[in-house]
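Understanding the architecture of this molecule
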Amino acid sequence: MQQQTADGGEALEVWIDQDLCTGDGICAQYAPEVFELDIDGLAYVKGTDDELLQAKGATTPVPLPLLTDVVDSARECPGECIHVRRVSDSVEVYGPDAE
Ligand code: SF4
């Protein structure tokens with residue numbers, strides 16, 4: 001079954017490749033609801049109850065009102081390590097691996 005957002009758009013999720021994160025914090029400035037720096041100085045995505053998801057490749061849903069902020073984060077990320085993909089087929093739509 002295809003997951004959709006309330007307005008009929010496709011559901012998206014985001015993850016960070018911490019191996020490439022420079023720790024500059026741009027993402028946490030753009031979208032603090034989604035990204036946060038941990039004490040290790042690297043950025044992580046947050047779960048729906050605000051906890052940092054530290055498992056490698058952990059994803060969190062992109063709330064539609066924050067899509068622009070999340071996409072801007074992916075575009076500006078100096079480490080090129082923010083990946084936004086479709087939930088339905090895991091195809092990257094914004095980020096270094098997007099077509
Ligand atoms: S913008 Fe990219 S490199 Fe900078 S802290 Fe966020 S994930 Fe890391």
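Below: a short report on this structure. (Residues numbered from 1 in each chain as written. Predicted model: local features only at pLDDT ≥ 70, side-chain atom pairs only at ≥ 80, totals over all residues. Heavy atoms only, no water.)

Sheet strands pair via backbone hydrogen bonds, and the direction of the pair is either parallel or antiparallel. Across the sheet, which stays open at both edges, the 4 strands sit in the order S5-S1-S6-S7 with antiparallel pairing between neighbours. Among the strands making up the open sheet, the edge pair consists of strand S5 (60-61) and strand S7 (92-94). When strand S6 (residues 82-86) meets S7, the two strands line up antiparallel, connected through 2 bridges. Paired with valine 84 across the two strands is tyrosine 94, which belongs to S7. (Pairing = 2+ DSSP bridges. Helix = DSSP H or I, 4+ residues; strand = E, 2+ residues; numbered from the N terminus.)

So, on to the pattern of salt bridges. One pass over the structure, following the stated rule, counts 6 salt bridges. Between glutamate 13 and arginine 85 there is a salt bridge, with its nearest N and O atoms 2.8 Å apart. Here the residue glutamate 13 occupies a position in strand S1 (residues 12-16), and arginine 85 occupies one in strand S6, the gap between them amounting to 72 residues. By relative accessible area, which is 13% here, glutamate 13 ends up buried. Among the residues examined, arginine 85 registers a relative accessible area of 22% and is labelled partly exposed. The salt bridge partner of aspartate 50 is lysine 46, with a shortest N-O separation of 4.0 Å. You can call aspartate 50 partly exposed: its relative accessible area is 49%. In the salt-bridge network here, residues are joined through shared partners; they are Glu10, Arg86 and Asp89. (Salt bridge = Lys/Arg side-chain N within 4 Å of Asp/Glu carboxyl O. Buried < 20%, exposed > 50% of the residue type's maximum accessible area, 1.4 Å probe, protein only.)

Everything listed here is a matter of geometry and, on its own, says nothing about what the molecule does.
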